[in-house]
Amino acid sequence: MRTIIIAANWKMNTTPADAGALAAEIAAATEAPDVTRVICPPYVCLAPVRDALEGTGAAVGAQNVHVLDGGAFTGEISAAMLRGLVTWCIVGHSERRRDQCETDDLVGRKVARCLESGLRPIWCVGEQLDDREAGRAEEVVREQVSRALTAGGLANGELGKSIVIAYEPVWAIGTGRTARGADASAMADAIRGALEANGWTHEQAEAIPVLYGGSVTAASIGEFLAEPAIDGALVGGASLKPAEMAGIVARAATAAQARREAVRQP
Ligand code: PEP
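This report concerns the structure included in the present document.

Basis of the calculations
- Here the residue numbers are simple positions, counted from 1 along each chain's written sequence.
- Given that the model is predicted, a residue must reach a pLDDT of at least 70 before its local features are reported, and side-chain atom pairs must reach 80 or more before they are shown or counted; all residues, however, enter totals for whole chains, interfaces and linings.
- To obtain the side-chain values, all non-hydrogen atoms of the structure were used and water was disregarded.
- Think of it this way: one heavy atom of a residue within 4 Å of a molecule or strand is enough to make that residue near it.
- A 3.5 Å cut-off defines polar contacts: any pair of N or O atoms within that distance qualifies, except that in protein one atom must be a possible hydrogen donor and the other a possible acceptor, and neighbouring residues in sequence count only when both atoms are side-chain atoms.
- Every accessible area reported is derived by Shrake-Rupley at a probe size of 1.4 Å, with residue values counting cover from the shown protein chains alone.
- Gly falls in the polar group here, along with every residue not listed as nonpolar (Ala, Val, Leu, Ile, Met, Phe, Trp, Tyr, Cys, Pro) or charged (Asp, Glu, Lys, Arg).
- Segments assigned H or I by DSSP are reported as helices when at least four residues long, segments assigned E as strands when at least two residues long, and all are numbered from the N terminus.
- Note on contacts: a residue pair qualifies if any of its non-hydrogen atoms lie within 4.5 Å across the two residues.
- A helix's residues, less one, multiplied by 1.5 Å, set its expected span.
- Think of it in three bands: residues with accessible area under 20% of the maximum for their type are buried, residues over 50% are exposed, and the middle band is partly exposed, with areas taken using a 1.4 Å probe on protein chains only.
- Summarising the geometry, the arc corresponds to the directions from the helix axis toward the C-beta atoms.
- Two strands make a pair as long as DSSP finds a minimum of two bridges between them.
- Throughout, an axis means a line fitted to C-alpha atoms (over the contacting stretch in the case of helices), and angles, computed between N-to-C directions, take values from 0 to 180 degrees.
- Here, a salt bridge means any side-chain nitrogen of Lys or Arg that lies within 4 Å of a carboxyl oxygen of Asp or Glu.
- Our working definition of a disulfide is a cysteine sulfur pair at a distance within 2.5 Å.

Bringing the site of the ligand into the picture now. Taken together, 15 residues lie near the ligand, and Lys11, His93, Glu168, Gly174 and Ser215 sit nearest. In this structure, an oxygen atom belonging to the ligand sits 3.2 Å away from a side-chain N or O atom of Asn9. Within the side chain of His93, one N or O atom sits 2.8 Å away from an oxygen atom of the ligand. Protein contacts shield 96% of the accessible area of the ligand, which totals 300 Å² for the unbound molecule. Classifying every residue of the shell around the ligand by side-chain character gives five nonpolar, eight polar and two charged.

What follows concerns the environment of Leu159. Position of Leu159 relative to the elements: it lies in the loop between helix 7 (137–152) and strand 6 (164–167). In this structure the C-alpha to C-alpha distance between Leu159 and Leu115, which are 44 residues apart in sequence, comes to 7.7 Å. Not counting the four nearest positions on each side in its chain, Leu159 is found in contact with Leu115, Gly153 and Leu154.

Next up on the list: helix 7. Under the 1.5 Å per step criterion, the end-to-end length of helix 7 is 23 Å for 16 residues, consistent within 8% with the ideal 22 Å. Taken together, the buried positions of helix 7 are Ala137, Val140, Val141, Gln144, Val145, Ala148, Leu149 and Gly152. Axial view of helix 7: buried residues confined to an arc of 165°, hence all on one face. Considering only its buried residues, helix 7 is in contact with helix 4 (94–99), helix 5 (104–116), strand 5 (120–125), helix 6 (129–133), strand 6 and helix 8 (181–197). In the stretch just after helix 7, Gly153 is the one whose phi turns positive, near 65°.

Spatially, 1-2-3-4-5-6-7-8 is the arrangement adopted by the eight strands of the closed barrel, whose pairing is parallel. Pairs of neighbouring strands in the sheet enclose a mean axial angle of 25°, with direction left out of account. Pairing geometry for strand 1 (residues 4–9) and strand 2 (residues 35–40), over six bridges, is parallel. Residue pairing across strands places Ile6 opposite Arg37, the latter belonging to strand 2. This element, helix 7, spans strand 5 and strand 6 of the sheet and lies at about 140° to strand 5. Along the sheet, helix 8 contacts strand 5, strand 6 and strand 7 (210–213); its crossing angle with strand 6, the most-contacted strand, is approximately 140°.

It is worth spelling out the pattern of salt bridges at this point. The tally for this structure, following the rule as stated, stands at 20 salt bridges. Note that Asp69 is salt-bridged to Arg113, the shortest N-O span being 3.3 Å. Of the two residues, Asp69 is situated in the loop between strand 3 (59–62) and helix 3 (79–82) and Arg113 in helix 5; the sequence distance between them amounts to 44 residues. One salt bridge connects Arg98 with Asp99, and the closest N-O pair in it is separated by 2.7 Å. Note on Arg98: relative accessible area 60%, which makes it exposed.

Before going further, it helps to spend a moment on unusual backbone geometry. Although it is not a glycine, Thr14 adopts a positive phi angle of roughly 80°. By secondary structure assignment, the location of Thr14 is in the loop between strand 1 and helix 1 (19–29). A relative accessible area of 24% places Thr14 in the partly exposed class. Phi is positive for Ser215, which is not a glycine, with a value near 55°. Counting through the fold element by element, Ser215 comes out in the loop between strand 7 and helix 10 (221–225).

Time to look at the side chain of Asn198. Its location among the elements puts Asn198 in the loop between helix 8 and helix 9 (202–206). On the basis of relative accessibility, which here comes to 17%, the residue Asn198 falls in the buried class. Each residue touching Asn198, except ones within four places of it in the same chain, is listed here: Ser146, Leu149, Thr150 and Ala155.

Overall, the coordinates contain zero disulfides when judged by the stated rule. With no disulfide of its own, Cys40 lies 7.7 Å from the sulfur of Cys89, the closest cysteine sulfur. According to the relative accessible area criterion, Cys40 is buried, its value standing at 0%. There is no disulfide at Cys45, and the cysteine sulfur nearest it, in Cys40, is 12 Å away.

Here's what the structure looks like:
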């Protein structure tokens with residue numbers, strides 16, 4: 001049974017002075033042993049958030065990592081620098097693909113770098129609105145997965161077993177629009193199919209958690225968690241609000257319990 005994961009992407013919000021208090025408030029409001037909670041603040045807030053989350057069971061993630069471990073790359077942060085600060089890392093977020101021109105090749109190499117460095121990558125994929133309107137959404141996302149796996153040398157599912165994939169339709173991020181649960185579920189199947197088409201076994205592909213991301217709130221998360229193929233959410237705007245996070249994680253805990261009972265009584 002796959003674990004349910006709720007990951008918070010704080011993007012370029014909070015400061016070292018206030019991030020720890022917010023993280024502690026969210027951790028206290030979201031206690032749920034069956035749900036994996038991850039908070040991804042900006043780099044400069046990682047240390048205060050790590051300290052604030054100690055003993056809470058919630059983990060810390062970065063929002064990006066460089067593909068190399070060091071060198072002349074002004075302003076960049078490597079996996080080696082993240083050691084001791086985070087155990088997770090978002091990779092290939094659509095805002096980085098848009099603003100920093102990150103390609104699937106680079107994203108795949110970053111996923112591989114995370115795995116080599118012992119970080120759990122939350123690898124983001126997702127189509128643009130015109131792709132969905134043209135009926136190409138699944139094809140586009142399958143291609144994103146294939147290209148990145150090839151570039152990262154990740155045709156062996158054993159190497160990639162700690163990967164988490166976040167399906168984030170670009171048109172749903174920060175817009176208040178969400179996909180339908182059924183569409184997200186179909187995409188999760190397409191993503192796992194793409195892993196298999198690239199050399200993973202069926203069991204390896206089925207073991208990979210697929211999250212949904214795109215304007216998720218406490219009110220909308222239920223539709224996604226009702227889909228057995230969806231294993232949680234990557235939450236942006238709502239993740240800065242403790243009451244929203246409390247509602248999202250409470251719903252995730254209910255889904256985790258229902259899934260556990262379904263396994264016990266097939
Ligand atoms: C995100 O940044 O990954 C995201 C899904 O943002 P939002 O929830 O604000 O759409």
